[in-house]
Number of protein chains: 2
Amino acid sequence: MTNELEWKWERLRQAMADMRADGCLVASNRNLYWLTGRVVGGYFYLSLCGEPHVFLKRPAALDRIACTAIRKPEQLPEALAQAGLPMPRRLLLEDEALSYADCVRLQRVFATAETVGGSQALRRLRMIKTPWEIDQMRQSARRQVEVYRLIPSCYRAGMTDLELQIEIERLMRLHGSFGTFHADGANMEIFMGSVLAGPNAEVPSPFDFALGGAGMHACSPLGANGTRLTSGMAVMVDMSGNYTAYQSDMTRVFAVGRLPEEALRAHRVSCDMAAQMERTARPGVSCAQLYRDALERAGREGLGGCFMGTRLQARFVGHGIGLDVNELPVLTPRSQDVLQEGMTFAFEPKFVIPQVGAVGIENTYLVTGSGVEKLTLLDEAIVPLE
Amino acid sequence: MTNELEWKWERLRQAMADMRADGCLVASNRNLYWLTGRVVGGYFYLSLCGEPHVFLKRPAALDRIACTAIRKPEQLPEALAQAGLPMPRRLLLEDEALSYADCVRLQRVFATAETVGGSQALRRLRMIKTPWEIDQMRQSARRQVEVYRLIPSCYRAGMTDLELQIEIERLMRLHGSFGTFHADGANMEIFMGSVLAGPNAEVPSPFDFALGGAGMHACSPLGANGTRLTSGMAVMVDMSGNYTAYQSDMTRVFAVGRLPEEALRAHRVSCDMAAQMERTARPGVSCAQLYRDALERAGREGLGGCFMGTRLQARFVGHGIGLDVNELPVLTPRSQDVLQEGMTFAFEPKFVIPQVGAVGIENTYLVTGSGVEKLTLLDEAIVPLE
C-alpha cells in the first residue's frame, strides 16, 4: 500500500507543480481514502517538498503516514510548523467537495496563502487507475457478477419492482457490498442502485443519472416506485458494484413473460453498440466521438427518440468510475477527453420503451495499451424471470 | 401541503428580515424538500416581498409553486426578471450545504448583491416542527417500533453482527424505509444505521456519531465489523427510522446469553437517566443542563469512564432530529439552546462495557407545551436473542 500511496502523492506533487501550488489540503472522504488508504476524521496535507502529514480531529490508525492530533483547523499552522513543514504560499483546496463555509474558514487559517481550487485536478488524477485499484475493481466486478447471476432466484410472481430490489439488496450485502453508493456531487443521492420496470422507466428524476424513475417518496424521487411486475415488462437492474471501495457498474435486463419485438430489437442494438465501442475504443480515441457514434447509431435504427430516456434524455452514454460511480472521463458530446491507458469507464447505451421499460446493457471497461478490456463478464441477453 | 409550505415560507421571510436579506436561494436536497415538499433538480427562490419561485434544471411536477426552466445558474437573473421578481440586494445562500465552487459561481451570478450565509438560519427554522412534520415523525416511529419488535426473529445462533444487520435492513426496507440515511455534514457517511456488538463497540470512528465501530472496510470505517455474536455479548441496534422524510431515532439492546451484572446495571442507569430527563425537560430548559445532568449522573454511578464511549467519548447525549438525523438542538455542554415547544430530539445515554458491548437506550421526543412526549414507544429492557 505504501508504494501505491507514494505513487499517488508523487502524481499529486506533479499536479501541484503544474498549478504552481506548494501545498494541498484534503478533507473529503473520497480524496482522503485515495491519498491515505482510509477515511479519517481530519486533513491530509501534502507539501511540494516534504513528507505527507495527516492532521487528525478524531483518532485513527494510519500506517506509515505521520499524524498529529488537532481539535480544529485553526491549529493547522502551528501543527504544520511542529511537523517541520513550511506554510504554503499557494494552497490547493477541494473547492467542489468542501462547503463554502469550510473553505472560507480554511482560507482564513491560511491567510498568508493564495488558495486555488483543487477538486478538478484531483478528479483528473483519480481518472487513471493504478494496478492495485484495477485489481479492486476486478474484485468488485466478480462479486457483482455473482450477485446478478442469483437475481432470478429472488423473483416471485406478483412482486413489485421494490420487493425484487430489496431481495437483491440483501444478496449484495451478503456478498460484501458495504452499502453506501458513492457518487460525486452534493445532490446525487441514490440508495443501492436502481431497478426500473414498465412505465416507471420513462419518469425523469432530479438527478443526473442515466435513467430516472419516480421512486417511492418525494424526498427520494428516483428508481423503483412500487410497480407490480407483470407479463410483458422489462426489468432493468442497475445496482451498485460497491464490493470494494472501487466500484464496478453493470446493468442487465430481466423479462417477465415475453417482451414485444421492439424491446428485444432495441436490446440487440444496445449490445451491438457495445460491441462496436469495444472495437473502436483505445488510447487516443475521443470520448465525445464514442458518444456521437452511439447517438448516430440510435438514430439510424430509428431509436433516437428513446435513447437514454424519452421525456428526458441523458446526454452521455458512459462515465468514468472508481471510488465514485461518476468519475472522469464522461462520454458526452462536450467532452474534451481522449481515452488513456489505465482509465476505467462504464458504457451504458440504454433505450426506454414506453409501457415496457428500459432495455440495454452496461459494462465496466479498463482501457489497456491497445484497446479496452471488459471487467463485468456476464451473459448480456435478456434473462427470463419465472 | 400548501398551508404547510406557506407557514415555512413566512418563517423564512421573518428570518430574512432579521438578517436584512431580501432574497434566499436554496439548492440543497434537504432544504429543497423542506421548502417545496419534494427534492427537485434546481433552485428554490424566496423574495422578501414576492411569491416563491422554483427554477428547474430538470423537469419536475410541483403543486402551486411557480416554476421556470433554466439550464444553468447564469440564467437566474433573467429568469427572476421574467418572473417579475426583483434582483436581491442581500442574498442568503446555503454556505454550509453548497460547495465553495457552487457558492462562488452564484456570487458571480448575483454580482450586484451582497451574499450572506444562510445555512444556520435554515437549520434554526427547521428545528421547530409543524404539526404535519410531527405526524410524519410519529409515522416513522411507529414503523421503526414494528421493525424493532421483529429483530429477535432475525437472529440465528452463530451469526455475525453484520449478518444480523443485513436481515434488519431487509425488514426495514419491507416496512417502507427508503434506505438512504440523511445526516447533515459532508463527511457524515453512514449506511442504514449501526449494529454494535462485543469489543467492536469501543472502536472510535472518524464520524461524529454517538458511538463508532470499526466497520467492514477502510473506506467505510463505522459500525458492524463482522463480530461473531457469542454468549455474554450485548448487541446494540441503532438503525435508522427513515420511514418518512422525517426520521425517528431509537436504540435498543439485545443480549446473547446472559450479560454481566455491570452491563445490566449500566443499562438500568441509562433508563433512569431517560426517566429523569423526561421529568426535567420542558420549554425553557437548557440543553447544556440536560447534558450536564446526564454526565453528572454517570459520574455518580462510577460510569463516567464508559459514558458515550471509552477510548473516544462523544460530548453529547442527544440531538435534534427531523429531515436529518443530526439537527438542532444538540444536548452538549456548549449548547446555548433551550428547549422550545415543537422541537424534536433524540436522547441517548449510552455506556460501552469493554468486551461486552454497548448498552443503554435511545428514544425520540417531542417538546410539548409542558414537557416532552416520547414518540418511540417500545419496551426498554434488554431483549434476549435465542
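Only a predicted model underlies this, so the values are computations on that prediction, with no experimental measurement involved. (Residues numbered from 1 in each chain as written. Chains lettered and ligands numbered in written order. Predicted model: local features only at pLDDT ≥ 70, side-chain atom pairs only at ≥ 80, totals over all residues. Heavy atoms only, no water.)

Draft legend 1. Geometry of the environment of G23 of chain A. Residues and elements named next belong to chain A. With respect to the helices and strands, G23 occurs in strand β1 (residues 23-26). Each C-alpha atom of the pair G23 and I134 lies 28 Å from the other, and the pair is 111 residues apart in sequence. Beyond its immediate stretch of four places on either side in the chain, G23 contacts M16, Y45, L46, P88, R90, L91 and L92. (Helix = DSSP H or I, 4+ residues; strand = E, 2+ residues; numbered from the N terminus. Contact = heavy atoms within 4.5 Å.)

Draft legend 2. Region of the structure containing the relation of the copies chain B and chain A. Of the transformation placing chain B onto chain A, the axial shift is 0.0 Å and the rotation is 180°, giving an RMSD of 0.0 Å. This pairing of chains is accounted for by a two-fold axis. Both copies contact each other with a shared surface, as 100% of the interface residues of chain B are interface residues in chain A too. (Least-squares fit on C-alpha atoms with pLDDT ≥ 70 in both.)

Draft legend 3. Highlighting the pattern of salt bridges. Following the criterion strictly, the structure yields 58 salt bridges over all chains and no others. For R265 of chain A, the salt bridge identified is with E301 of chain A, shortest N-O distance 3.1 Å. With R265 of chain A in helix α8 (residues 261-280) and E301 of chain A in the loop between α9 (287-300) and β11 (318-320), this pair connects stretches of sequence that are 36 residues apart. On the basis of relative accessible area, E301 of chain A is assigned to the partly exposed category, the value being 23%. With a closest N to O distance of 2.9 Å, E327 of chain B and R126 of chain B form a salt bridge. Here E327 of chain B, found in strand β12 (residues 327-331), pairs with R126 of chain B, found in helix α5 (residues 119-126); they are 201 residues apart in sequence, far enough to count as distant. Of the residues examined, E327 of chain B reaches a relative accessible area of 6% and is grouped as buried. Residue classification places R126 of chain B among the buried positions, given a relative accessible area of 8%. What emerges from the salt-bridge pattern is a single network uniting R30, R126, K129, D324 and E327 of chain A together with E189 of chain B. (Salt bridge = Lys/Arg side-chain N within 4 Å of Asp/Glu carboxyl O. Buried < 20%, exposed > 50% of the residue type's maximum accessible area, 1.4 Å probe, protein only.)

Draft legend 4. Focus on the sheet that holds strand β3 (residues 53-56) of chain B. All names here are of chain B. Pairing is mixed across the open sheet formed by six strands, whose spatial order is β4-β3-β2-β1-β5-β6. The sheet is open, and its two borders are formed by β4 (66-69) and β6 (114-117), each paired with just one other strand. Taken over all neighbouring pairs, the strand axes of this sheet differ in orientation by 25° on average, direction set aside. Two strands pair when backbone bridges link them, and strand β1 (residues 23-26) and strand β2 (residues 42-47) are joined in this way by four bridges, in the antiparallel orientation. Each bridged residue has a counterpart across the sheet, and for L25 the counterpart in β2 is Y45. Here helix α2 (residues 29-36) sits on the sheet and contacts β1, β2 and β3; the angle it forms with β2, its principal contact strand, is near 55°. (Pairing = 2+ DSSP bridges. Axes fitted to C-alpha atoms, helices over the stretch in contact; angles between N-to-C directions.)

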